[in-house]
Amino acid sequence: MKLAIFDLDNTLIAGDSDYLWGKFLCDHGYVDAEEYQAGHDRYYQDYLEGCLDIDEFLQFQLAPLAGRPLQQLHEWQQCYIETMIRPIILEQARALVEDHRRQGHTLLIITATNRFLTEPIAGILDIENLIATEPEFRDGHYTGKHTGIPSYREGKIQRLELWLNENGLNVEESWFYSDSHNDIPLLEQVDHATAVDPDEHLHQAAHKHGWPVISLRDNAET
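So, here's what we can say about the structure. On a predicted model such as this, the values are computed, not experimentally measured, just so you know.

Residue placement: C51 occurs in the loop between α2 (33–49) and α3 (54–62). Counting along the chain gives 131 residues from C51 to N182, while the straight-line C-alpha distance between them is 9.5 Å.

Next comes the structure, spelled out in structure tokens:
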């Protein structure tokens with residue numbers, strides 16, 4: 001199997017789906033805007049700096065799902081996808097995905113963002129395989145906790161290995177596209193690593209490793 005792996009936030013879409021979900025909740029008054037925005041800004045800065053406590057963040061991020069009726073959550077989800085996400089899906093990202101599809105490669109999104117937010121985005125991009133952080137679901141409701149290994153930093157490697165083993169898949173050749181230095185551990189594992197509109201730390205790492213640096217937001221390529 002030849003496997004093309006894509007990060008999601010700021011790679012296939014021109015923004016961060018976690019951050020935009022927080023903005024959506026605040027804009028609509030579904031959470032206390034001042035308190036929630038302050039917390040979200042702090043966690044997002046930790047993410048950018050590579051010092052995010054992923055378990056603490058997930059407890060914060062998944063709390064608005066806890067105990068709410070599924071119909072209400074699905075209405076929120078649909079509105080969020082249409083207003084916040086669909087407008088920022090990058091056409092050049094779509095073209096990249098389709099290029100791999102035409103070559104017969106297996107397509108996979110791997111993201112630290114939870115499945116509640118990312119599964120509809122994967123559907124828009126027609127990418128069947130998704131590894132995302134899993135929100136816990138019990139007795140017909142989300143609990144506000146997560147289950148299993150969060151797919152963040154080295155966790156992406158662990159989750160990928162589990163996914164391959166569970167599906168009996170062997171990788172002959174692999175690609176991975178990401179914007180974030182948090183993905184360097186997985187980028188170092190694949191045959192073809194590409195930095196996409198990278199942050200400063202990833203840009204430096206790409207130069208060190210000789211990885212291509214591309215943009216899916218314009219025609220720039222170095």
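Having put the structure on the table, let's press on.
Positionally, D18 belongs in helix α1 (residues 17–27). Apart from the residues within four sequence positions on either side, D18 is in contact with H40, F57, Q61, T113, N114 and L117.

Here I157 is to be found in helix α7 (residues 154–166). Note on I157: relative accessible area 17%, which makes it buried.

A few words on the side chain of R159. Along the polypeptide, R159 turns up in helix α7. In terms of polar contacts, R159 uses its side chain to reach the backbone carbonyl oxygen of I149, at 2.9 Å. Leave out the neighbours within four places in its chain, and R159 touches I131, A132, T133, E134, I149 and S151.

This part is about the packing of aromatic side chains. Enumeration according to the criterion identifies 13 aromatic pairs in this entry. Through pairs of rings, three or more aromatic residues link up here, namely W21, F24, Y30, W76, Y80, F116, F137 and Y142. The positively charged end of R42 is found above the aromatic ring belonging to Y43, 4.5 Å away from the centroid.

So, how was this worked out
- Residues numbered from 1 in each chain as written.
- Predicted model: local features only at pLDDT ≥ 70, side-chain atom pairs only at ≥ 80, totals over all residues.
- Heavy atoms only, no water.
- Helix = DSSP H or I, 4+ residues; strand = E, 2+ residues; numbered from the N terminus.
- Contact = heavy atoms within 4.5 Å.
- Buried < 20%, exposed > 50% of the residue type's maximum accessible area, 1.4 Å probe, protein only.
- Polar contact = N/O pair within 3.5 Å; in protein donor to acceptor, adjacent residues only side chain to side chain.
- Phe/Tyr/Trp six-rings, centres within 6.5 Å; stacked < 30°, edge-to-face > 60°.
- Lys NZ or Arg CZ within 6 Å of the ring centre and 35° of its normal.

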